[in-house]
Amino acid sequence: MSEPANITITLPDGSTKDVAAGTTVGDFVKTSIGPGLAKAALFAKYDGAEVDLTHKMDRSGTLAIFTPKQPEGLDLARHDAAHIVASAVQKLFPGTQVTIGPTTEDGFYYDFARDKPFTPDDLEAIEKAANEEIKKDLPFTRKEVSKEEALELFGKLGEKFKLEIIEDIFAKGAKSLSLYTHGEWVDFCLGPHGPSTGRVGVIKLLSVAGAYWRGDHRNAQLQRIYGTAFFTQKDLDAWMNQQEEARKRDHRKLGKELDLFAFHPAAPGAVFWTANGTMLFTTLQYAMRRMCLANGYVEIKTPLLFNKMLWEKSGHWGKYRENMFLILDPEADPNLPEEERASFSLKPMNCPSHHLFYEMKRRSYRELPLRLHTQDVLHRNEATGVLSGLTRVRQFQQDDAHIYLMESQIAEEVAKLTKLIAKVYDAFGLAFTAKFATRPEKKIGDDSLWDRAEAALEAALKSTGLPYELKPGDGAFYGPKIDFDVADSIGRKWQLGTIQLDYVAPERFGLGYIGSDNSEHRPVVIHRAIYGSFERFIGILIEHFAGAFPVWLAPEQARIVPVAERHTEWAEEVASQLREAGIRVEIDRSQGMLGAMIRDAQLAKVPYTLVVGDKEVAAKAVSPRTRGTGKESDLGLTPFDQFFARIKNEAEVPY
RNA sequence: GCCGCUAUAGCUCAGUGGUAGAGCAGCGGUUUCGUAAACCGCAGGUCGCCCGUUCAAACCGGGCUAGCGGCUCCA
């Protein structure tokens, strides 16, 4: 037998080490780097591919070791955790079928097929059993098998879903399948996995939910168990605390506490805006109107209710009807299906009525781009299960606009739009990401139109230099779109703004304009929204600011707190001067203790609490206090004129 | 729409088959106060709705409605 040849391993710092071919990653780290790292190591990247520590290195290449210190390490542990949970589930509930169990940003889930649902008690038992598997510190071992071996193994286990996945994997050209075993339990998996179950730390199961096999609602409904894992209990506790903090700024909770909006079972998915909430709404409306006017838009209003002939023309009847509220014709034969009895529908989108508006007149190329802005009320009959607070409702208003332009104007207009969107989001400190979404399955318009629309929109997006993610098949049924996602301060992503390019509607509506050549041309339409909908945007803002709105947006901008009854006269004087300048100010007339009145104002998150007592009356002053605790929020005795100038400035709309 | 969970006073919540409870908010009174909760008292509920089981139901069962966590869908 000949000696194994030496290979050269290059480490991330550029240094190289020679070892015998066939050495495992784990042994290499122990002997050539150090026992400390060997102990901490979870997996490695060998020539760019993720591998187990037991992987035998057979050629020269780069090697990077991952430990719990890297985010990749935690992700691996959560993947290990998913396997451990699945093994615990099958141990406790024989007959349960396993499917898939990927990691997520915050943890992992695993989908199971079982006749009976998992109860909260079951979850507790599973969590306990999973953490016992961790204590046993069972090694993860890897084995490569052929398609036949894999089918036989999982066939014997009766894992129908696994068999389906195995067929798929080999159909896609795989030559073998890797199996991972810990204890008695085996699953196939690309890997890598950590050295043993003990390295996972601690598993916490969070919830159980329904999920469809392969994400298709026509398929079997599985039970998805959500969980997370951390290397230490301390990390888990910290994360749980953070989640608890996040729940405190939930807009549905704050909406009640700050008296911003409400819902009633009589109108599911439709908002009752209180005086405070209405102030948020109308202030945002005002700001958007102002910005639109400054940027070449005109605002129009169109009907809310339209004859179904419009929806047939626009394509909504065919592609969007299930989301539309229909008005049935009382004269129609009651035996007919609903869609045939329908005569009118509430509008779910503004576009068709804008197209009607456009074609009411002869249009000249000199008018283009023609930018029509609308904040009308829309109704969409959303499925009951998707309604959620302000972020998903049935009745809402978009800061909608349709821009009619020549194809040659697309790039410049899209660039302008992305700038506007960035300006608005920046004013709130909202960071956004862009997504480019292409033609969906359910669409109108032929492929050549879509080719042009997608190419034009993507080219315009590219030219802005914004980074973006590609979302194939995610476009609107009438055109490709750029969506703007905003993460709230706790990291959840929401789709707000959108820019959608539409070549189809101008065809369907026969829109035209007279060009400089005195002949008729077809315009292109851009659908766009910046807030998205006022409802969702306000929901995001509530969470983003945790209810502590900037002065210009706050429903109540200042609250005057008289120290004693004799100070109300000056309080009234201050209030009326502020009100005359358009500042929204209230006087606390409860005549309670000063501390209690200040506490009330703080809990209401009013930007300025103005304490007025003997000193303030004498000096024609106020003692403002900003939000927050302790001395630093007390601005001290301030001449009224000075405070007036300050709040007046801060009440200005920033865009 | 699908899977699971939840629904008690304006709000937050306790109450596991035998006459419905607390704190806060509200109302009345006392207190007139200097930077996050004064004190005393009063009132407040067809226990989401309907049907059933039971001598007896907030509590057990079924249905419906709404909400919550997800899935599918979406601004």
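Rules used throughout
Residues numbered from 1 in each chain as written. Chains lettered and ligands numbered in written order. Predicted model: local features only at pLDDT ≥ 70, side-chain atom pairs only at ≥ 80, totals over all residues. Heavy atoms only, no water. Near = heavy atom within 4 Å. Polar contact = N/O pair within 3.5 Å; in protein donor to acceptor, adjacent residues only side chain to side chain. Nonpolar A, V, L, I, M, F, W, Y, C, P; charged D, E, K, R; others polar. Pairing = 2+ DSSP bridges. Helix = DSSP H or I, 4+ residues; strand = E, 2+ residues; numbered from the N terminus. Axes fitted to C-alpha atoms, helices over the stretch in contact; angles between N-to-C directions. Contact = heavy atoms within 4.5 Å. Disulfide = S-S within 2.5 Å. Buried < 20%, exposed > 50% of the residue type's maximum accessible area, 1.4 Å probe, protein only. Domains from an automatic or database assignment. Buried area = accessible area lost by both parts, 1.4 Å probe. Salt bridge = Lys/Arg side-chain N within 4 Å of Asp/Glu carboxyl O.

A. Summary view of the protein's contact with RNA strand B. Within the structure, RNA strand B sits among 60 residues, and Q221, R392, Q495, D614 and E616 are positioned closest to it. Atoms of RNA strand B within 4 Å of the protein belong to the sugar or the phosphate in 49% of instances, the rest to bases. The contact in question runs from a sugar or linking oxygen of RNA strand B to an N or O atom on the side chain of Y226, over 3.1 Å. The backbone of D614 places a nitrogen or oxygen atom 2.5 Å from a base oxygen of RNA strand B. For the surface near RNA strand B, the class distribution of residues is 22 nonpolar, 22 polar and 16 charged.

B. Just the sheet that holds strand β3 (residues 43-46), in detail. The strand order across the open sheet formed by five strands is β2-β1-β5-β3-β4, and the pairing between neighbours is mixed. What marks the edges here is a single partner per strand, and that holds for β2 (16-20) and β4 (49-51). Each neighbouring strand pair of the sheet contributes to a mean axis angle of 35°, computed without reference to strand direction. Sheet topology places strand β1 (residues 6-10) next to β2; five bridges connect them, and they run antiparallel. By the bridge assignment for β2, I9 is matched with K17.

C. How the structure looks around the environment of G61. Relative to the helices and strands, G61 is located in strand β5 (residues 61-66). Those residues in contact with G61 that lie beyond four places of it in its chain are T8, I9, T10 and D47.

D. Local environment of the state of the cysteines. Throughout the structure, instances matching the rule amount to zero disulfides. C351 takes part in no disulfide bond, and the closest cysteine sulfur to it belongs to C292, at a distance of 16 Å.

E. Representation of the pairing of strand β21 (residues 395-405) in the model. Taking burial as the measure, the eleven residues of β21 include ten buried ones, the bulk of the element. Alignment of strand β19 (residues 370-374) against β21, held across five bridges, turns out to be antiparallel. Each bridged residue has a counterpart across the sheet, and for H373 the counterpart in β21 is A401. As judged from the three bridges shared by strand β20 (residues 377-379) and β21, these two strands associate in the antiparallel manner. The partner of V377 across the bridge, within β21, is Q397. Alignment of β21 against strand β28 (residues 524-533), held across seven bridges, turns out to be antiparallel. Residue A401 lies in a different strand from β28, and its bridge partner there is R528.

F. View of the domain arrangement of chain A. Split into domains, chain A comes out as domain 1 (6-66), domain 2 (71-245), domain 3 (283-304 + 348-543), domain 4 (305-346) and domain 5 (558-650). One C-alpha centre belongs to domain 1, the other to domain 2, and the line joining them spans 27 Å. Counting from both sides, the interface comprises ten residues of domain 1 and, opposite them, eleven residues of domain 2. Across the domain 1 to domain 2 interface the summed buried area is about 830 Å²; carbon plus sulfur atoms make up 61%. Together, L42, F43 and D52 form the three largest contributors to the area buried by domain 1 at its contact with domain 2, with a combined 64%. Scanning the region where domain 1 abuts domain 2 turns up zero salt bridges. Connecting domain 1 to domain 2 are five residue pairs in polar contact (both at pLDDT 80 or more). Looking at the side of domain 1 that touches domain 2, the elements with two or more residues in it are α2 (35-40) and β4. In the side of domain 1 that touches domain 2, the residues fall into seven nonpolar, no polar and three charged.

G. Up close: unusual backbone geometry. Across the junction of G191 and P192, the peptide omega takes the value 0°, indicating a cis bond. Looking at where P192 falls in the secondary structure, it is placed in the loop between β10 (185-188) and β11 (202-212). In this chain, L368 is followed by P369 through a cis amide linkage whose omega measures -5°. Even without a glycine there, the phi angle at K605 is positive, about 55°. For K605, the location among the structural elements is in the loop between α19 (594-603) and β31 (608-612). The partly exposed category is assigned to K605, whose relative accessible area is 26%.

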